[in-house]
Amino acid sequence: MGAPVVGIIGGGQLARMMHAAGIGLGIKVALLAEGPDVSAAQVVHDVTVGDYTDPATVIAFAERCDVVTFDHEHVPTDLLHALQERGVLVRPGPEALVHAQDKVVMRRRLASYGLPVPTFAVVASPEELVAFADGTGWPVIAKTSRGGYDGKGVWKVDDPTGAGEPFRNLAPGVEVLAEEYVPFVRELSALAVRSPSGQAVAYPVSESVQQDGICVETTTPAPGLTMEQATACQRLALEIAQDLDVVGVLAVELMQRADSSVVVNELAMRPHNTGHWSIDGALTSQFENHLRAVLDLPLGDPRARAPWTVMHNVLGGDRTDLVDGLRHVLARDPGLKVQLYGKGVVAGRKVGHVTAVGDDLDEVLRRARHGAAELRSGS
Ligand SMILES: Nc1ncnc2c1ncn2[C@@H]1O[C@H](COP(=O)(O)OP(=O)(O)OP(=O)(O)O)[C@@H](O)[C@H]1O
Ligand SMILES: [Mg+2]
């Protein structure tokens, strides 16, 4: 019996951080990467470069792994079913994962459980989108059912002149989902991890800040959330994980209204940007717990190590050599933790993150923001 091999499809920073988390447990990672130099391919030993939509490539890769999991949710659902039929362990499985791949499937399923979701409809034309908005009130949100990320594939439509945009360049089989605009005061994220045996844990709930559709900062626990509200969010995530038979991390992105009620935005079934804080801020990181879950090992304690943890993303800016920025940042704040993803610096692209922990929230926020700003642009 050798060490178990976890096959990860997708070579981004999530795969890179999963690999790091598996080293101590003796877990081997095999990677199906988009290119030889992508973030995780720089650190994983066993790399196959290939197209994750090509059945022959994915099947050949998967058949030599003990279990297959994901860095992103873009592997075609049919291909995952084909893997399962060949006896490959796919975790999370396609029946669960489709709810993270397809926002229409997700909305319908959660609505059928009576869970809080925005009023929504699938619209087939700009005219139907206008009719939907006339019913719910303007503005509305339009989204493509599949393929979106970091705010791409999401439009706020203020009036009928903008109703054509979501239908432009629609890929085959992709639908347009119209949603009531939720006037949220902040976004929250509830992360749960579930194993095939049914063991599950919930992380403390985080507040996340998005700019231009990209997560820039999280604070954990979410400030001002009462114990009852936090528990309700955790319970929601645990229930969805169980109902959908999720294996691994489930991130439930929530929008909180002024009256404190929450609405589910979307689901992700892989380590999530809002859980990056857990590497340095929790007793067991989301990456380690994801690996433990897909291997059906006992899960680790998700609790926070300190009263406050702030994670701030480093987005591509003026500084092109991030390692150059490290000297200043590390010298200034020995308690700050830095993760760099080995990616080329492109304006606005996620290239790393920093994490600060401590007792005083204002201080922790200031330290995380300063570290990220310095890495991004220097002074
Ligand atoms: N119904 C809504 N009402 C108001 N704002 C919304 C609504 N749906 C989404 N948004 C806003 O748009 C952002 C992006 O939406 P969503 O998470 O569906 O897209 P995404 O591109 O798949 O995101 P991700 O980067 O998380 O994959 C949300 O984080 C939220 O700020
Ligand atoms: Mg989202």
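Predicted model, so just to flag it, every value in this text is computed and none were measured.

Attention shifts here to the sheet that holds strand β5 (residues 120–123). Spatially, four strands are ordered β5-β8-β6-β7 in an open sheet, and the strand pairing comes out antiparallel. Looking along the sheet, the strands with just one partner apiece sit at the ends: β5 and β7 (154–157). Across the sheet, the mean angle from the axis of one strand to that of its neighbour is 25°, orientation sign disregarded.

Once that is clear, we can look at the coordination of the magnesium ion (ligand 2). The magnesium ion (ligand 2) binds to the protein through Glu253 (OE) and Glu266 (OE), with metal-donor distances spanning 2.0 to 2.2 Å. Of the two residues, Glu253 sits in strand β13 (residues 248–256) while Glu266 sits in strand β14 (residues 262–268), which places them 13 residues apart along the sequence. Each member of the pair, Glu253 as well as Glu266, carries the same accessibility label: buried.

Moving on, we get to the pairing of strand β12 (residues 214–220). Burial analysis of β12 places seven of its seven residues in the buried class, the great majority of the element. Connecting strand β11 (residues 206–211) to the next strand, β12, in antiparallel fashion are two residues, including Asp212 with a positive phi near 50°. Sheet topology places β12 next to strand β15 (residues 308–315); four bridges connect them, and they run antiparallel. Paired with Thr219 across the two strands is Val310, which belongs to β15.

A few words now on the packing of aromatic side chains. All chains considered together, the criterion is met by one aromatic pair. Relative to Trp277, the ring of Tyr203 has its centre 6.1 Å away and its plane inclined at 90°; by these criteria the two rings are edge-to-face. Here Tyr203, found in the loop between β10 (200–202) and β11, pairs with Trp277, found in the loop between β14 and α8 (278–281); they are 74 residues apart in sequence, far enough to count as distant. Each member of the pair, Tyr203 as well as Trp277, carries the same accessibility label: buried.

A few words now on the site of ligand 1. The immediate surroundings of ligand 1 are formed by 19 residues, with Lys103, Asp150, Gly151, Glu187 and Glu266 found nearest. One of the backbone nitrogen or oxygen atoms of Gly151 is found 2.7 Å away from an oxygen atom of ligand 1. At 3.0 Å, a backbone N or O of Glu180 approaches a nitrogen atom of ligand 1. Starting from 610 Å² of accessible surface for ligand 1 in isolation, the protein chains cover 89%. The set of elements that each furnish at least two residues to the shell around ligand 1 consists of β6 (140–144), β8 (176–180), β13 and β14. Residues that form the shell around ligand 1 fall into these classes: seven nonpolar, three polar and nine charged. Two domains each provide a minimum of three residues to the shell around ligand 1, namely domain 2 (119–180) and domain 3 (182–305).

The rules behind these values
Residues numbered from 1 in each chain as written. Chains lettered and ligands numbered in written order. Predicted model: local features only at pLDDT ≥ 70, side-chain atom pairs only at ≥ 80, totals over all residues. Heavy atoms only, no water. Pairing = 2+ DSSP bridges. Helix = DSSP H or I, 4+ residues; strand = E, 2+ residues; numbered from the N terminus. Axes fitted to C-alpha atoms, helices over the stretch in contact; angles between N-to-C directions. Donors = N, O, S within 2.8 Å, 3.2 Å for Na, K, Ca; no water. Buried < 20%, exposed > 50% of the residue type's maximum accessible area, 1.4 Å probe, protein only. Phe/Tyr/Trp six-rings, centres within 6.5 Å; stacked < 30°, edge-to-face > 60°. Near = heavy atom within 4 Å. Polar contact = N/O pair within 3.5 Å; in protein donor to acceptor, adjacent residues only side chain to side chain. Areas by Shrake-Rupley, 256 points an atom, 1.4 Å probe, with all protein chains shown as cover. Nonpolar A, V, L, I, M, F, W, Y, C, P; charged D, E, K, R; others polar. Domains from an automatic or database assignment.

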